[in-house]
Amino acid sequence: MNGVKTSEKPSTHSRFASYLLALRPWSFSASLIPVSLGALLSWKTTGELSIPLALATAIAVLCVHASGNLVNTFYDYLRGVDSKVSDDRTLVDHILSPDEVVRIGVITYSTASICLIFVMVLSPAKMEHLALLFFGGLSGSFLYTGGIGLKYYALGDIVILITFGPLAVLFSYVVQGGQFAMFPLIYAMPLALNTEAILHSNNTRDIDADKKAGAVTLAILIGRKASYIVYVILLFSPYVICAVWGVNLSIRYSLPLLTLGYAFKLEKDFRDDKLFLLPKRTAKLNLYFGLLYLISFSIAPRLPHLGKI
């Protein structure tokens, strides 16, 4: 009837889409690629690979990553870091409420813990070793912005560099093979540097907003000009490593160099101060580079010797 207002509730589909976007799925390559690399390294060295274990490990690490994204959304909003100019619109635009973000975070952390139990039952590794690596990564995902908030004291870059690279690769490797080894940490570094480039571009873009909120990041400490140099190092160092392996061991390790053109486009965007979409575009490079990196390891006749780096 005319004159009668009816309230329309958002559809289940649109609500689910809001929940999914809050997890920032565009960043998931930063955790899935290292997990895949760890399983691949175990297969290359032992000749064995458990698909159920690989899937459970991937879900566990992915849920920890998603939880970390939610914690970042919640605490950045709470501390006033996110604003109307931020790219994370989840709480700023009231797409979700803070309570909803917390509830989703509880679900993702709980799902990760359930997957860990499954992994502990099936993996040949010692439970205490798996727990140490898993909860080390979980703690890093929370403490990046939650609790003491390492991000706000210029320590966030170290957390990301360790968690989304060496730690994820080593966890996946130990799950499959059951034993600790140091060499997966070396092979994880190109991925870790590439992932850190995502964070650094994000922090450089948000220098002004972070300053107003009282946060201290590496980008704030060194300024925009030096941040550009750091970004270039993070962006192109993985290509140098792959080129060295390609020349000295097998041309197959040069596969990731196919993305070099896209990397130069990102470097130009940073140099021209086109930073708003740069983190997402760097994450896209992370996906392309990571997939080719995995393919190169799977088809190369032998693993790179550490002395060849």
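What counts and how
- Residues numbered from 1 in each chain as written.
- Predicted model: local features only at pLDDT ≥ 70, side-chain atom pairs only at ≥ 80, totals over all residues.
- Heavy atoms only, no water.
- Helix = DSSP H or I, 4+ residues; strand = E, 2+ residues; numbered from the N terminus.
- Rg over C-alpha atoms; globule rule 2.2 N^0.38 Å.
- Buried < 20%, exposed > 50% of the residue type's maximum accessible area, 1.4 Å probe, protein only.
- Contact = heavy atoms within 4.5 Å.
- Lys, Arg positive; Asp, Glu negative; His and termini not counted.
- Charge placed at Lys NZ, Arg CZ, Asp CG, Glu CD.
- Phe/Tyr/Trp six-rings, centres within 6.5 Å; stacked < 30°, edge-to-face > 60°.
- UniProt positions renumbered as here; feature names shortened; annotations may be inferred.
- 1 Å grid on protein atoms, 1.4 Å probe; cavity = no way out; pocket = protein on both sides within 12 Å on 5 of 7 lines; lining within 4 Å.
- Points joined across faces, edges and corners; volume = space filled by probe spheres on them.
- Nonpolar A, V, L, I, M, F, W, Y, C, P; charged D, E, K, R; others polar.

### Considerations on the overall build of the protein chain
Phase 1 of the analysis: If you tally the helices and strands in the protein chain, you get 11 helices and zero strands.
Phase 2 of the analysis: Taken from the N to the C terminus, the helices and strands of the protein chain come in the order α-α-α-α-α-α-α-α-α-α-α.
Phase 3 of the analysis: Over its C-alpha atoms the protein chain spans a radius of gyration of 20 Å, differing by no more than 12% from the 19 Å that the globule rule assigns to 309 residues.
Phase 4 of the analysis: C-alpha extents for the protein chain along the principal axes are approximately 75 × 50 × 40 Å.
Phase 5 of the analysis: Counting every position in the protein chain, which comprises 309 residues, the buried fraction comes to 52%.
Phase 6 of the analysis: Considering only residue pairs separated by 6 or more positions, the protein chain has 75% of its internal contacts joining residues 24 or more positions apart.
Phase 7 of the analysis: In the protein chain, 26 side chains carry a positive charge and 19 a negative one; their mean positions are 5 Å apart.

### Remarks on the packing of aromatic side chains
Phase 1 of the analysis: Applying the stated criterion across every chain, the model contains 20 aromatic pairs.
Phase 2 of the analysis: Here the aromatic rings of F74 and Y75 are separated by 5.3 Å at their centres, their planes lie at 80 degrees, and the arrangement is edge-to-face.
Phase 3 of the analysis: The exposure class assigned to Y75 is partly exposed, which follows from its relative accessible area of 21%.
Phase 4 of the analysis: With centroids separated by 4.7 Å and ring planes inclined at 25 degrees, the aromatic side chains of Y231 and F270 adopt a geometry described as stacked. Within this pair, whereas Y231 is found in helix α9 (residues 218-248), its partner F270 is found in helix α10 (residues 260-271), the two being separated by 39 residues in sequence. For the residue pair Y231 and F270, the accessibility class agrees, reading buried in each case.
Phase 5 of the analysis: Ring pairing ties together the aromatic residues Y173, F183, Y187, F236, Y239, W245, Y253, F264, F289, Y293 and F297, which thus form one cluster.

### What about the UniProt feature "transmembrane region" (unreviewed entry) in the protein chain?
Phase 1 of the analysis: Mapped onto this numbering, the UniProt entry gives "transmembrane region" (unreviewed entry) at residues 16-41, 53-75, 101-122, 129-146, 152-175, 228-247 and 285-303.
Phase 2 of the analysis: The span residues 129-146 is 83% helical and 0% strand by assignment, and the distance between its end C-alpha atoms comes to 25 Å.
Phase 3 of the analysis: When the span residues 228-247 is considered, its composition is 100% helix and 0% strand, and the gap between its end C-alpha atoms is 29 Å.

### Some words on the layout of surface pockets
Phase 1 of the analysis: Taken as a whole, the second largest pocket spans an internal volume of roughly 150 Å³.
Phase 2 of the analysis: Around the second largest pocket sit L70, V71, F74, Y75, V101, V102, G105, V106, Y109 and F142, which together line it.
Phase 3 of the analysis: Elements that contribute at least two residues to the lining of the second largest pocket include exactly α3 (51-78) and α4 (98-122).
Phase 4 of the analysis: When residues of the lining of the second largest pocket are assigned to their parent elements, the largest contribution, five residues, is made by α4.
Phase 5 of the analysis: Broken down by class, the residue content of the lining of the second largest pocket amounts to nine nonpolar, one polar and no charged.

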